[in-house]
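Letter by letter, the chains look like this.
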Amino acid sequence: MNAQKANNTKEKVRQLQRKLYLAAKINSKRKFHAFYDKIYREDILKEAWKRVKTNGPQGGVISPLLANIYLHYLDTMWEKHGSHLGKLVRYADDLVVICRTKKDAEHALKLVSAIMERLELTLHPEKTKLVSMWDGKEGFDFLGMHHRRIVAETGKGQKYTRTHQLPSKKAMNKMREAVKAVLASRTTLVLDAKTLIERLNPKIRGWRNYYGVKTASKWLNKIDWYILLRFTIWWNKKRQKRRQLSGIKDVRQLSSKLGLLKLAG
């Protein structure tokens, strides 16, 4: 970082310190203000800037916290200059803006880009795009869910559109990979079925709690089927049977009796 950028960063740190202090005085119930004595330190705020700028490290509790600290400026500027354009929803460094018209969406994109530039950040060129939700041909992924408008019918046959949420393709693949990691390892052949189910159930319960919305049942059924397939393959390998899916109905009954949870239903 050159001298000019370093000075700009220090100025941003001072501005953010002031904003956090004022916000804490106005609303003491905001959760991150419990950390105020720590994040007030200049080195902590600099670390927040560095991590958001480099988009890492990910996965820890501190990552979204630091992103929220640094991107609080985005929230403030949006409320002041962009709230008439649409609703901004943000978690850490992932965000989406819901607008009524394409014109509003284009203005929103320019505004967010300008705010990010002031923070010395840039929007991801591949992940940033405008999506038309009205005709149901396009959708968008946000926090592991795919959002898309779908035509539905009432009991009287009247058609209407509503926004459906379902697990994204990336989320579906991650769930399959997690199931395979539990059931495909040869080291599990020495275990019994109940032990494997005890390993699977916490994962299934967590996925169901997050993805288990009404409109996601069709996709969650696919993961339930995949779990049954992988469990059947494991069962036949353990019993040294050549046919991988032999006795799948019996395995379904056994796994249900032993308490294997389901994502759908």
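Everything discussed here concerns the structure shown above.
Given the structure is predicted, the values throughout are model-derived calculations rather than measurements.

Novice: What should I look at first to understand the nonpolar core in this one?
Specialist: A general tendency of soluble globular proteins is for nonpolar side chains to be buried together. Ranked by size, the top nonpolar core spans 30 residues in total, and within it Leu200 and Phe231 carry the most contacts. For this core, the secondary-structure elements that each account for two or more residues are α7 (169-183), α8 (193-211), α9 (217-238) and α10 (248-257). One finds Tyr70, Leu85, Val112 and Leu119 within the second-largest nonpolar core, a separate group that totals 15 residues.

Novice: Hey, could you run me through the packing of helix α5 (residues 72-81) against helix α6 (residues 102-118) in this one?
Specialist: A pair of packed helices is captured by two measures, namely the crossing angle of their axes and the spacing between those axes. The geometry of α5 relative to α6 is characterised by a closest axis approach of 10 Å and an angle of 140 degrees between their N-to-C directions. Accordingly, the angle class assigned to the pair α5 and α6 is oblique. As α5 packs across α6, the resulting crossing turns out to be right-handed. In this structure, α5 contributes Tyr73, Leu74, Met77, Trp78 and His81 to the contact, and α6 contributes Ala108, Leu111, Val112, Ile115, Met116 and Arg118.

Novice: Any chance you could explain the packing of α7 against α9 here in plain terms?
Specialist: Contact pair α7 / α9: the axes reach a minimum separation of 10 Å and the direction vectors enclose 20 degrees. Comparing their axes, α9 and α7 come out roughly parallel. Relative to α9, α7 is oriented so that their crossing is right-handed. Listed contacts from α9 to Met172, Met175, Arg176, Val179, Lys180 and Leu183 of α7 are Trp219, Lys222, Ile223, Tyr226, Ile227, Arg230, Phe231 and Trp234. Tallied by class, residues from the contact of α7 with α9 come to 10 nonpolar, no polar and four charged.

Novice: Help me out: how do you make sense of α7 in this one?
Specialist: Residue pairs spaced three or four apart in an α-helix point in one direction, given the helix's 3.6 residues per turn. The end-to-end C-alpha distance of α7 is 21 Å, a good match for the 21 Å that 15 residues give at a rise of 1.5 Å each. Along α7, the positions that sit buried rather than exposed are Ala171, Met172, Met175, Ala178, Val179, Val182 and Leu183. Axial view of α7: buried residues confined to an arc of 125 degrees, hence all on one face. Among the exposed residues of α7, those pointing more than 90 degrees away from its buried face are Lys169, Lys170, Lys174, Glu177 and Ala181. Lining the buried residues of α7 we find β5 (159-167), α8 and α9.

Novice: Explain the side chain of Arg90 here, please?
Specialist: Examined against the element boundaries, Arg90 turns out to sit in strand β1 (residues 86-91). Exposure remark for Arg90: the relative accessible area of 18% places this residue in the buried category. Only 2.6 Å separates the side chain of Arg90 from the side chain of Asp75, close enough to count as a polar contact. Within the structure, the side chain of Arg90 is placed 2.7 Å from the backbone oxygen of Ala92, a separation counted as a polar contact.

Novice: Help me out: how do you make sense of the environment of Leu109 in this one?
Specialist: With respect to the helices and strands, Leu109 occurs in helix α6. Looking at Leu109, the relative accessible area reads 30%, which means it is partly exposed. For the pair Leu109 and Leu130, spaced 21 residues apart in sequence, the C-alpha to C-alpha distance is 8.3 Å. In this structure Leu109 touches Leu123, Thr128 and Leu130, once residues within four positions along its chain are discounted.

Novice: Is there a simple way to explain the pattern of salt bridges in this structure?
Specialist: Pairing of side chains with opposite charge becomes possible as their charged atoms draw close. Summed over the entire model, instances satisfying the criterion amount to one salt bridge. Its salt-bridge partner being Arg90, residue Asp75 comes within 2.6 Å of it at the nearest N-O pair. Of the two residues, Asp75 sits in helix α5 while Arg90 sits in strand β1, which places them 15 residues apart along the sequence. A residue is classified by how much of its surface remains accessible, and Asp75, at 23% relative accessible area, is partly exposed.

Novice: Even after reading the chapter, I still don't get the pairing of β5, so can you show me in this structure?
Specialist: Pairing analysis gives nine bridges linking strand β4 (residues 145-153) to β5, with the strands arranged antiparallel. Directly across from Arg148, in β5, lies its bridge partner His164.

Novice: Can you walk me through unusual backbone geometry in this structure?
Specialist: One non-glycine residue with positive phi stands out, namely Glu120, at about 60 degrees. Relative to the helices and strands, Glu120 resides in the loop between α6 and β3 (139-142). Its identity as a non-glycine residue notwithstanding, Gln240 has a phi of 60 degrees, on the positive side. Mapped onto the elements, Gln240 comes out in the loop between α9 and α10.

Analysis parameters
- Residues numbered from 1 in each chain as written.
- Predicted model: local features only at pLDDT ≥ 70, side-chain atom pairs only at ≥ 80, totals over all residues.
- Heavy atoms only, no water.
- Core = buried A, V, L, I, M, F, W, Y, C linked by side-chain atoms within 4.5 Å.
- Buried < 20%, exposed > 50% of the residue type's maximum accessible area, 1.4 Å probe, protein only.
- Helix = DSSP H or I, 4+ residues; strand = E, 2+ residues; numbered from the N terminus.
- Axes fitted to C-alpha atoms, helices over the stretch in contact; angles between N-to-C directions.
- Parallel < 35°, antiparallel > 145°, perpendicular 65-115°, else oblique.
- Left-handed = near helix turned anticlockwise from the far one by under 90°.
- Contact = heavy atoms within 4.5 Å.
- Nonpolar A, V, L, I, M, F, W, Y, C, P; charged D, E, K, R; others polar.
- Expected span 1.5 Å × (residues − 1).
- Arc of directions from axis to C-beta.
- Polar contact = N/O pair within 3.5 Å; in protein donor to acceptor, adjacent residues only side chain to side chain.
- Salt bridge = Lys/Arg side-chain N within 4 Å of Asp/Glu carboxyl O.
- Pairing = 2+ DSSP bridges.

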